[in-house]
Amino acid sequence: MRKLNSKFNTSFVSEEGTYLQNKDYFAFVELDNYACYVIADGIDEDKDLESAKLAVTTFIKNFSARPTMNRFFLRKYLRDVNSELIGSSRNVRLKASITVVVTNYSKVIYSVIGNTRFYYFKDGYLKHKSKDQSLAQNLVDDEMIPQDAIAKHFERNNLSSYLGQSNLGKIYMSKKIKVADGDVFALLTKGVWENCDGKEIEDALEGAKEPKEVLDSVEDMILSKQLKDIENYTLALTFVEKAYLDPKRSKKIKIAIIVAILLLLIIAIGVGAFMIYKNKKENDIAAMNKAKNNAEQYIQNGNMEKAEEEYKKALDIAEKYKLPEEQDLDDDYKDTGIVIDGDKALDGKKYEDALDKYVLALEKAGDAENIERSYVLKKMDLAKQAIKIADLLTLGDKQVENADLDGALGNYLQAKDLAIDANLKDEKKEAMDKIQKIYDQKGADAKQKKADDDKAAADAKQAADDQKKQQDDAAKKAEDDKKAAKDSEAKAIDLRKNGDLKYTAGDYVSAKMYYALAKEAFEQANDNSLADELVEKIALMDKKINETSDKKSEADKYKAEADKKYSAGDTSSAKVLYLLAKDVYSSLGDADDVTKVTEKIAAIDQVTAKAQPTAK
């Protein structure tokens, strides 16, 4: 049993100072294999509940139930203490600083929450002391104030960690400290360390045989200063008169040596493996940097596909070793992929999609100036130019549909110039083809217009010629008609004269015939007045004929004379005589002769119709 083979001598002093209530508390328990020393300082204003006592007794209870130096369990005990203070709070939140020391009689380990302290003395000198969890301690750590200024600094009680917090942070646990015969460790509250520094305690330890002697000396020093205000003060000292020595120590040493040798071998192997790993890592990092530089060079040369491959190589290495560059390389790789998608959309004539991709790439790049940004800006300008060219070509196409060839030509020419400036070969060719098509159309239109103009001139000339011919024909016809009328009038006069002669001779049938023929001739000569005069003579002849001869012979005579005229080619006179004969036959009811004469008249009409010239 460790306790029986060791000797730890502990004494303490705890007073209220110049205050009415002592809110400090110290207690300890020494078990067979472990001992526990706990000091606490209540920092709340509760007059009824003693937070320090509650904290110390709760910890010792938990420790006594399961003694250990395991850091996990010691932190758990302290968190249980914190929960106990929170759960026991009534009028005010209970709060306390605490320092815990645990030993197995050969080593000690301690934990501090707040500004109670642990001092460890070896050979009469202070070799180790805990750090307060306060703003003043932070100022010391940052070398803004000296160590000895903490005792009076106004931020010494401004604690960053203490029991009673709702969210207690990570609890500090020290490394194990090996104890030896003659060592001393102390637990103290701020009422001691504010008024008595470590050097003064060292002086009190000099020549002391019992911890009680040191306690009295320290208390005398504090009181002798006759301070107006003295905080509650508690000091607990433990003299290690005999530390525990393991009887199996020599065997354990041998085992430790063997283990150490094995560990050294393992370490050597590990170091060798680490060096190999380190060299490989360095080589891989160099390859990563080279791949990154290659990617940037490819971007400068406009080869984004190769740049993406190089970024992927660099990213794989960064991911493999969890390097800080991993996130930046991942961003570069993804951004390059977005730019490549934009390039593909641009090559596929999907200019709006390309522009969206380039804008997204710029948004991800932010305000950082880099090679890729310059590339993207150039591509964005190219996409914008392509969109403008496409709009001009579309507008030109609509103008062509609306027959506005000049407007379309202007837009096509502007699109061609923009395509040349942007080195867009396909768009340039498309614009040139459309321009050529308009030129061809204009040429065809001009050719057609010339043909139309030539045809119109020819048609006009033909119309003029036709008009002149018509005029000439009309003049000739008028002259011919005049001549025919004159001839018809002369003929009519001769026929009328013959009729008069026959009338005088008493040949009334022949006279009627000549009068009828003369009447026809006067009508052809448009001499209607003379024609009308003959109507009366024809009527007179009918009267005379009725008085002097038979109608059948009259009709036969007309028919015979008409046959002669027809045979002679005088169809006009023949028709008149046939009509006279027909009238007589009709009056006699001679149907056969009417039919024959009608056939003769129809034949004359057919001949006359064929003989007339076609009018233009």
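Residues numbered from 1 in each chain as written. Predicted model: local features only at pLDDT ≥ 70, side-chain atom pairs only at ≥ 80, totals over all residues. Heavy atoms only, no water.

Participant: Sorry, what's going on with the domain arrangement of the protein chain here?
Facilitator: Interfaces are often sized by the accessible area lost when the parts come together. Structurally, the protein chain comprises domain 1 (3-245), domain 2 (274-348) and domain 3 (547-615). The distance between the C-alpha centroids of domain 1 and domain 2 comes to 56 Å. (Domains from an automatic or database assignment.)

Participant: Which parts of the structure should I look at to understand the packing of helix 13 (residues 425-505) against helix 14 (residues 508-524)?
Facilitator: The angle between the axes and the distance between the axes are what describe a pair of packed helices. Here helix 13 crosses helix 14 at 165 degrees, and the two axes come no closer than 8 Å. If you check the angle between helix 13 and helix 14, you find them roughly antiparallel. The two elements helix 13 and helix 14 meet at a crossing, and its hand is left-handed. Of the residues in helix 14, those in contact with Ser-488, Glu-489, Ala-492, Ile-493, Leu-495, Arg-496, Asn-498, Gly-499, Asp-500, Lys-502 and Tyr-503 of helix 13 are Tyr-508, Ser-510, Ala-511, Tyr-514, Tyr-515, Leu-517, Ala-518, Ala-521, Phe-522 and Gln-524. Across the contact of helix 13 with helix 14, the residue classes break down as 12 nonpolar, five polar and four charged. (Axes fitted to C-alpha atoms, helices over the stretch in contact; angles between N-to-C directions. Helix = DSSP H or I, 4+ residues; strand = E, 2+ residues; numbered from the N terminus. Parallel < 35°, antiparallel > 145°, perpendicular 65-115°, else oblique. Left-handed = near helix turned anticlockwise from the far one by under 90°. Contact = heavy atoms within 4.5 Å. Nonpolar A, V, L, I, M, F, W, Y, C, P; charged D, E, K, R; others polar.)

Participant: Help me understand the sheet that holds strand 9 (residues 184-188), please; the structure alone is not making it clear to me.
Facilitator: Where strands meet in a sheet, backbone hydrogen bonds hold them as pairs that are either parallel or antiparallel. Reading across the sheet, the five strands line up as 1-10-9-6-7 and stay open at both edges, with antiparallel pairing between neighbours. Only two strands of the sheet have a single neighbouring strand rather than two, namely strand 1 (7-15) and strand 7 (125-129). Here the average twist between neighbouring strands, direction ignored, is 20 degrees. Alignment of strand 9 against strand 10 (residues 233-242), held across five bridges, turns out to be antiparallel. When the bridges of strand 10 are listed, Ala-186 appears paired with Leu-237. Against the sheet, helix 5 (residues 198-205) engages strand 6 (117-122), strand 7, strand 9 and strand 10, with an angle of about 45 degrees to strand 6. (Pairing = 2+ DSSP bridges.)

Participant: Could you clarify how one ought to interpret the packing of helix 17 (residues 571-588) against helix 18 (residues 591-611) in this entry?
Facilitator: Where helix 17 contacts helix 18, the two axes come as close as 9 Å, and the packing angle between them is 155 degrees. The angle between helix 17 and helix 18 places the two elements in the roughly antiparallel class. Crossing angle aside, the handedness with which helix 17 passes helix 18 is left-handed. On helix 18, the residues touching Thr-571, Ala-574, Lys-575, Tyr-578, Leu-579, Ala-581, Lys-582, Tyr-585 and Ser-586 of helix 17 are Asp-593, Val-594, Val-597, Thr-598, Lys-600, Ile-601, Ile-604, Asp-605 and Thr-608. When the residues that make up the contact of helix 17 with helix 18 are grouped by side-chain class, the tally is nine nonpolar, four polar and five charged.

Participant: It is not clear to me how the nonpolar core should be interpreted in this structure. Could you clarify?
Facilitator: For soluble globular proteins, the rule of thumb is that nonpolar side chains tend to be buried together. Met-288, Leu-329, Val-339, Tyr-358, Val-376 and Ile-389 are the most contacted members of the largest nonpolar core, which has 46 residues in total. For this core, the secondary-structure elements that each account for two or more residues are helix 7 (249-300), helix 8 (304-321), helix 9 (326-347), helix 10 (351-365), helix 11 (371-401), helix 12 (405-422) and helix 13. The biggest single contributor to this core is helix 11, with nine residues. What Met-288 contacts, discounting residues up to four positions off in sequence, is Ala-314, Ile-317, Ala-318, Leu-323, Glu-325 and Leu-329. (Core = buried A, V, L, I, M, F, W, Y, C linked by side-chain atoms within 4.5 Å. Buried < 20%, exposed > 50% of the residue type's maximum accessible area, 1.4 Å probe, protein only.)

Participant: What exactly am I supposed to notice about helix 10 here?
Facilitator: One full turn of an α-helix is made of 3.6 residues, so residues set three or four places apart face in the same direction. With 15 residues, helix 10 extends 21 Å between its outermost C-alpha atoms, agreeing within 8% with the 21 Å of an ideal straight helix rising 1.5 Å per residue. Residues Tyr-351, Ala-354, Leu-355, Tyr-358, Ala-361 and Leu-362 constitute the buried set of helix 10. Down the axis of helix 10, the buried side of the element spans an arc of 120 degrees, and every buried residue falls inside it. Within helix 10, the exposed residues directed more than 90 degrees away from the buried face are Asp-356, Glu-363 and Lys-364. (Expected span 1.5 Å × (residues − 1). Arc of directions from axis to C-beta.)

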